[in-house]
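# Structural features, examined
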Amino acid sequence: NTNIIALLNQIKTDVIQPGACKEPDGYLQFRWIVNKIIAQMTVPLVQNLFHYSSEQNEKFLELYALALLPQIAACSTAEFDWFLEELVMEDLNQQDFPEVVSRLQALYPCLGITCQDVGSYKNGAIRKCSDSAVVNDIAGYTPERDVSEILKLDRDVLRINILMGWE
């Protein structure tokens, strides 16, 4: 909640008060901050998914899995299929719980969240992962700076296609 309130205040000070909304491209900064807010809203979904997985509460586990699946689908259709099968279509086998954690943590960058955002669970029952500061190769090319925000355009296009298919 603290992060979301800080982002809402950022909209107020960076977009609304200076009158950026009146500019032709003023919506861009607004949209960028809103995307960060949406990502922060994913954090409690992940935390609760971990909680109800460890508590073996199938109904709430399925609820939080269903809430996360659209975001996962926008990141990876293969991961979407895996999470759908493991957490919704079947009862979670507790031996698979570590794989659920590691697969979901691998999706954090695409979901727009960090290991720091999610934190650890129950005094280390699920250890806090570490965020990578490494700039990854892209199709054999190593960029000189972090271009992950630009690469999210592909994810945004995929999300639009997913939403358009819901009619």
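Note that the structure is predicted; figures quoted are calculated from it, not measured. (Residues numbered from 1 in each chain as written. Predicted model: local features only at pLDDT ≥ 70, side-chain atom pairs only at ≥ 80, totals over all residues. Heavy atoms only, no water.)

## Quick word on the state of the cysteines
Counted according to the given criterion, the structure contains one disulfide. Put simply, C75 and C110 are joined by a disulfide, and their sulfur atoms are 2.1 Å apart. Around the S-S axis, the bridge from C75 to C110 shows a dihedral of about -100 degrees and counts as left-handed. Remark: C110 occurs in helix α6 (residues 108-111) and C75 occurs in helix α3 (residues 58-75); sequence separation between them is 35 residues. (Disulfide = S-S within 2.5 Å. Helix = DSSP H or I, 4+ residues; strand = E, 2+ residues; numbered from the N terminus.)

## Description of the nonpolar core
Judged by nonpolar contacts, the single largest core of 31 residues is most densely connected at F83, L104 and Y108. For this core, the secondary-structure elements that each account for two or more residues are α2 (26-54), α3, α4 (77-89), α5 (97-106), α6 and α7 (115-118). Among the elements that line this core, the one with the most residues is α2, at seven residues. With near-sequence residues (within four places) excluded, Y108 lies in contact with V46, F50, I113, T114, C115, V118 and C129. With seven residues, the next largest nonpolar core counts I4, I11, V34 and I37 among its residues. (Core = buried A, V, L, I, M, F, W, Y, C linked by side-chain atoms within 4.5 Å. Buried < 20%, exposed > 50% of the residue type's maximum accessible area, 1.4 Å probe, protein only. Contact = heavy atoms within 4.5 Å.)

## A word on the confidence of the model for the chain
Scored by pLDDT, the chain comes out at a mean of 78, with 74% of its residues at no less than 70. Predicted confidence in the chain is weakest over helix α8 (residues 148-164), with a mean pLDDT of 65, and strongest over α4, with 89. (pLDDT = per-residue confidence, 0-100.)

## Comments concerning the packing of α4 against α5
Where α4 contacts α5, the axes come no closer than 12 Å and their chain directions differ by 150 degrees. Classed by the angle they form, the pair α4 and α5 counts as roughly antiparallel. For the element pair α4 and α5, the recorded crossing hand is left-handed. Residues E79, W82, F83 and L87 of α4 lie in contact with α5, whose contacting residues are E99, V100, R103 and L104. The residue inventory of the contact of α4 with α5, partitioned by class, reads five nonpolar, no polar and three charged. (Axes fitted to C-alpha atoms, helices over the stretch in contact; angles between N-to-C directions. Parallel < 35°, antiparallel > 145°, perpendicular 65-115°, else oblique. Left-handed = near helix turned anticlockwise from the far one by under 90°. Nonpolar A, V, L, I, M, F, W, Y, C, P; charged D, E, K, R; others polar.)

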